[in-house]
Amino acid sequence: SAVSVPSNIAEGASRISEKDFARFLEISLGSCFELETQLRIANKRKYITSTEFEILLSNLISLQKRIFALRKKVIVR
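So, a few notes on the structure that sits alongside this text. Here the structure is a predicted model, which means the values were calculated and not measured. (Residues numbered from 1 in each chain as written. Predicted model: local features only at pLDDT ≥ 70, side-chain atom pairs only at ≥ 80, totals over all residues. Heavy atoms only, no water.)

Glancing now at the overall build of the chain. In terms of regular secondary structure, the chain is built from three helices and zero strands. Starting at the N terminus, the α and β elements of the chain follow one another as α-α-α. With respect to the three principal axes, the spread of C-alpha positions in the chain is 45 × 20 × 15 Å. Considering only contacts within the chain whose residues lie at least 6 apart along the sequence, 56% involve residues at least 24 apart. Of the accessible surface of the chain, which amounts to about 5400 Å², a share of 59% is contributed by carbon and sulfur atoms. A gap of 4 Å separates the mean positions of the 13 positive and 8 negative side-chain charges of the chain. (Helix = DSSP H or I, 4+ residues; strand = E, 2+ residues; numbered from the N terminus. Contact = heavy atoms within 4.5 Å. Areas by Shrake-Rupley, 256 points an atom, 1.4 Å probe, with all protein chains shown as cover. Lys, Arg positive; Asp, Glu negative; His and termini not counted. Charge placed at Lys NZ, Arg CZ, Asp CG, Glu CD.)

Structure (structure tokens):
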């Protein structure tokens, strides 16, 4: 899922229509939420520390907000 986030943004950016780009941004957001779930599982299973989890989650939430804002801006055009 971590690789899917930028991959879908890149693929969507290559599309001609803004509607297509917005759809790929939605898919990218879905991958972000999938990654969030995987991070939560990794933390619960002690694959990562709570500190690592908090840092990664904070960065991921920031990314989710930026992708959402970009999607909103693309749709408004």
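Another aspect to go through is helix H1 (residues 4–13). Residues lying three or four places apart along an α-helix face the same way, a consequence of the helix completing one turn every 3.6 residues. Turning to H1, its buried residues are Val5, Asn8 and Gly12. Down the axis of H1, the buried side of the element spans an arc of 75°, and every buried residue falls inside it. Where H1 is buried, its residues meet helix H2 (18–44) and helix H3 (50–76). (Buried < 20%, exposed > 50% of the residue type's maximum accessible area, 1.4 Å probe, protein only. Arc of directions from axis to C-beta.)

What follows deals with the packing of H1 against H2. In the contact formed by H1 and H2, the axes pass within 8 Å of each other and the chain directions differ by 180°. Taken together, the axes of H1 and H2 are roughly antiparallel relative to one another. Packed against H1, whose contacting residues are Ser4, Val5, Asn8, Ile9, Glu11, Gly12 and Ala13, the element H2 presents Phe21, Phe24, Leu25, Ile27, Ser28, Ser31 and Cys32 at the interface. Classifying every residue of the contact of H1 with H2 by side-chain character gives eight nonpolar, five polar and one charged. (Axes fitted to C-alpha atoms, helices over the stretch in contact; angles between N-to-C directions. Parallel < 35°, antiparallel > 145°, perpendicular 65-115°, else oblique. Nonpolar A, V, L, I, M, F, W, Y, C, P; charged D, E, K, R; others polar.)

Applying the stated rule across the entire model yields four salt bridges. Close ionic contact of Arg23 with Glu26 constitutes a salt bridge, the shortest N to O distance being 2.9 Å. Linking Arg23 with Glu26, this pair stays in helix H2, spanning three residues, or about one helical turn. Glu36 is paired through a salt bridge with Arg40; the nearest N and O atoms lie 3.0 Å apart. Linking Glu36 with Arg40, this pair stays in helix H2, spanning four residues, or about one helical turn. (Salt bridge = Lys/Arg side-chain N within 4 Å of Asp/Glu carboxyl O.)

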